[in-house]
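Results of the structural survey
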Amino acid sequence: MGKAGAKKKLPNAPLGEKKKKANPLFEKAPRNFRLGGDIQPKRDLNRFVRWPKFVRLQRMKRVMLMRLKVPPAINQFNMAIDKNQAAQLFKLMKKYMPETSEEKKARLMEMAQQKKDGQEVKTKKPQVIKYGLNHVTTLISKKKYWHINQLLEVNR
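In the nomenclature of an unreviewed UniProt entry, the protein corresponds to 60S ribosomal protein L7a from the organism Prorocentrum cordatum. Taken verbatim from the UniProt record of the protein, the Sequence similarities (unreviewed entry) comment is "Belongs to the eukaryotic ribosomal protein eL8 family." Looking at the protein in UniProt, the text filed under Function (unreviewed entry) is "Component of the ribosome."

Turning next to the overall build of the protein. Within the protein, the regular secondary structure consists of five helices and two strands. Listing every helix and strand of the protein by position from the N terminus yields α-α-α-α-β-α-β. Per-residue burial over the protein gives 10% buried out of 156 residues.

Moving on, we come to the packing of aromatic side chains. Throughout the structure, instances matching the rule amount to zero aromatic pairs. Taking the ring centre of Trp-51 as reference, the NZ or CZ of Arg-59 above it sits at 4.5 Å.

Along the chain, the position of Lys-95 falls in helix α3 (residues 83–95). Note: C-alpha distance between Lys-95 and Gln-127 (32 residues apart in sequence) is 9.0 Å.

Attention shifts here to the pattern of salt bridges. Inspection of the entire model under this criterion finds one salt bridge. Residues Arg-107 and Glu-99 are paired through a salt bridge, measuring 2.7 Å at the closest nitrogen-oxygen approach.

Here the focus is a nonpolar patch on the surface. A surface patch of nonpolar side chains, about 450 Å² in accessible area, is lined by Met-64, Leu-65, Leu-68, Val-70 and Ile-74. One can find Leu-65 in helix α1 (residues 53–67).

Moving on, we come to helix α4 (residues 101–117). The first and last C-alpha atoms of α4 sit 24 Å apart over 17 residues, in line with the 24 Å expected at 1.5 Å per residue. With its phi angle positive at about 85°, Gly-118 sits one or two positions after the end of α4.

The predicted model of the protein has a mean per-residue pLDDT of 82, with 83% of residues at 70 or higher. Ranking the elements of the protein by mean pLDDT puts strand β2 (residues 152–153) last with 55 and α1 first with 93.

Moving on: the side chain of Gln-114. Assignment of secondary structure puts Gln-114 in helix α4. Setting aside anything within four residues of it in sequence, one finds Gln-114 in contact with Gln-119, Glu-120, Val-121, Lys-122 and Thr-123.

What follows concerns the environment of Val-128. Within the secondary structure, Val-128 sits in strand β1 (residues 128–129). When the C-alpha positions of Val-128 and Glu-99 are compared, they lie 8.2 Å apart, and in sequence the two are 29 residues distant.

Among the secondary structure elements, Arg-107 is positioned in helix α4. Classification of Arg-107 as buried rests on a relative accessible area of 11%. Within polar-contact distance, the side chain of Arg-107 engages the side chain of Glu-99 at 2.7 Å. Beyond its immediate stretch of four places on either side in the chain, Arg-107 contacts Glu-99, Thr-123, Lys-124, Lys-125 and Pro-126.

Rules used throughout
- Residues numbered from 1 in each chain as written.
- Predicted model: local features only at pLDDT ≥ 70, side-chain atom pairs only at ≥ 80, totals over all residues.
- Heavy atoms only, no water.
- UniProt positions renumbered as here; feature names shortened; annotations may be inferred.
- Helix = DSSP H or I, 4+ residues; strand = E, 2+ residues; numbered from the N terminus.
- Buried < 20%, exposed > 50% of the residue type's maximum accessible area, 1.4 Å probe, protein only.
- Phe/Tyr/Trp six-rings, centres within 6.5 Å; stacked < 30°, edge-to-face > 60°.
- Lys NZ or Arg CZ within 6 Å of the ring centre and 35° of its normal.
- Salt bridge = Lys/Arg side-chain N within 4 Å of Asp/Glu carboxyl O.
- Patch = residues over 30% accessible without salt bridge, like charges linked within 9 Å, V, L, I, M, F, W, Y side chains within 5 Å.
- Areas by Shrake-Rupley, 256 points an atom, 1.4 Å probe, with all protein chains shown as cover.
- Expected span 1.5 Å × (residues − 1).
- pLDDT = per-residue confidence, 0-100.
- Contact = heavy atoms within 4.5 Å.
- Polar contact = N/O pair within 3.5 Å; in protein donor to acceptor, adjacent residues only side chain to side chain.

Here's what the structure looks like:
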């Protein structure tokens with residue numbers, strides 16, 4: 001059966017129960033942060049920094065883009081087009097560019113001359129692309145245009 005005289009060793013008492021003899025000269029007292037007291041510990045004040053405007057704007061933009069779900073019809077304008085497509089687009093836009101004030105004046109003078117002579121008025125407003133965010137938005141909300149092809153309008 002083995003030796004009957006062997007005893008189990010008991011674990012030591014926890015540290016909290018031991019009473020240490022502390023030196024009263026180095027006794028730790030609670031800190032006092034009132035006037036004339038201890039210096040406050042250094043804190044991370046990074047949150048309260050007044051950041052430059054461009055940093056604030058790019059952070060706000062990032063938060064906003066994370067929160068907003070942009071419809072695909074609008075999101076397509078966040079990506080640039082390549083050079084060939086840009087050239088084609090500018091060619092199309094130039095074709096349907098609004099008339100200048102001189103061209104309009106000449107057209108109106110020609111119309112007035114035809115009216116004066118008693119002829120049938122032949123000149124009419126040229127086809128132009130409607131542009132401008134507010135303008136296009138109001139046209140769509142008035143249900144004048146619902147498709148991109150209708151923005152190329154024959155003005156009468």
